[in-house]
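Chain by chain, the residues:
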Amino acid sequence: QVQLVESWGDLVQARGSLRLSCAASGSIFSSSAMGWYRQAPGKQRELVATITSGGSTDYPDLVKGRFTISRDNAKNTVYLQMNSLKPEDTAVYYCNLHAPYGNWYWGQGTQVTVSS
């Protein structure tokens, strides 16, 4: 069984920065793709960033150049560095693990609020 524990979010001002982390239990972290998603009130959950087991990253245009996903396999942890934050980045952020056998696992979610 995989458990994902995310760091606390925060209230930050626009143009500020914040780093989220997500620690995974179990032994499959290094062989799994990881991702960050977010969900704002009244909106669908959307993809923010992904990183493969080999370290390749991908971002949607709405965060490209501002957000950076990284992983530390020795610590079973994935990070999301968020820079130049905007009020529209306000959402609950979720960590995701996509296991090599196909299962998806989710963290509990952490609130990020960006004030204007």
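As a convention, each chain's residues are numbered from 1 in the sequence order in which they are written. Given that this is a predicted model, residues contribute local features only at a pLDDT of at least 70 and side-chain atom pairs are listed and counted only at 80 or more, while totals for whole chains, interfaces and linings are drawn from all residues. Calculation of side-chain values draws on the structure's entire complement of heavy atoms; hydrogens and water are dropped beforehand.

Enquirer: Could you clarify how one ought to interpret the overall build of the protein chain in this entry?
Expert: Helix and strand assignments follow DSSP, with helices taken as H or I runs no shorter than four residues and strands as E runs no shorter than two, numbered in order from the N terminus. Counting its secondary structure elements, the protein chain contains 0 helices and 11 strands. Mapped from its N terminus to its C terminus, the protein chain presents α and β elements in the order β-β-β-β-β-β-β-β-β-β-β. In this setup the radius of gyration rests on C-alpha atoms only. A globule is expected at 2.2 Å times the number of residues raised to 0.38. Relative to the globule expectation of 13 Å for 116 residues, the C-alpha radius of gyration of the protein chain, 13 Å, shows essentially globular dimensions. Across its three principal axes, the protein chain shows a C-alpha extent of roughly 40 × 25 × 25 Å. Relative to its 116 residues, the protein chain shows a buried fraction of 42%. Contacts were defined at the residue level, with two residues in contact if any of their heavy atoms lie within 4.5 Å. Once local pairs closer than 6 in sequence are excluded, the contacts in the protein chain between residues at least 24 apart make up 55%. Three exposure classes are used, based on accessible area relative to the maximum for each residue type with a 1.4 Å probe and protein chains only: buried under 20%, partly exposed in between, and exposed over 50%.

Enquirer: I keep staring at the side chain of T77 and nothing clicks. Help me out?
Expert: Inspection of the secondary structure assignment puts T77 in strand 8 (residues 77-82). When its relative accessible area of 9% is taken as the criterion, T77 is described as buried. Among all residues touching T77, those that are not within four sequence positions of it are S21, C22, A23, F29, S70, R71 and D72.

Enquirer: Explain the sheet that holds strand 1 (residues 4-6) here, please?
Expert: Hydrogen bonds between backbone atoms are what pair the strands of a sheet, whose relative direction is either parallel or antiparallel. Pairing within the open sheet is antiparallel, and its 4 strands lie in the order 1-3-8-7. The strands lining the two open edges of the sheet, one partner per strand, are strand 1 and strand 7 (67-72). On average, each strand axis in the sheet is tilted by 20° relative to the strand beside it, whichever way the strands run. When DSSP finds at least two bridges between two strands, those strands are taken to pair. Where strand 1 lies against strand 3 (residues 18-24), 3 bridges are found, and the strand directions are antiparallel. The partner of E6 across the bridge, within strand 3, is C22. Note on definitions: angles span 0 to 180 degrees between N-to-C directions of axes, and those axes are lines fitted to C-alpha atoms, for helices only across the stretch in contact.

Enquirer: Teacher, can you tell me more about the state of the cysteines here?
Expert: Here is the idea: a disulfide is a covalent bond, and it sits between the sulfur atoms of two cysteines. Disulfide assignment relies on a single distance test, namely cysteine sulfur atoms paired within 2.5 Å. In this structure the tally under the stated criterion is 1 disulfide. Here C22 pairs with C95 through a disulfide, and the sulfurs are 2.2 Å apart. Its torsion about the S-S bond being -80°, the disulfide of C22 and C95 is classed as left-handed. Placement of the pair is C22 in strand 3 and C95 in strand 9 (residues 91-98), with a sequence separation of 73 residues.

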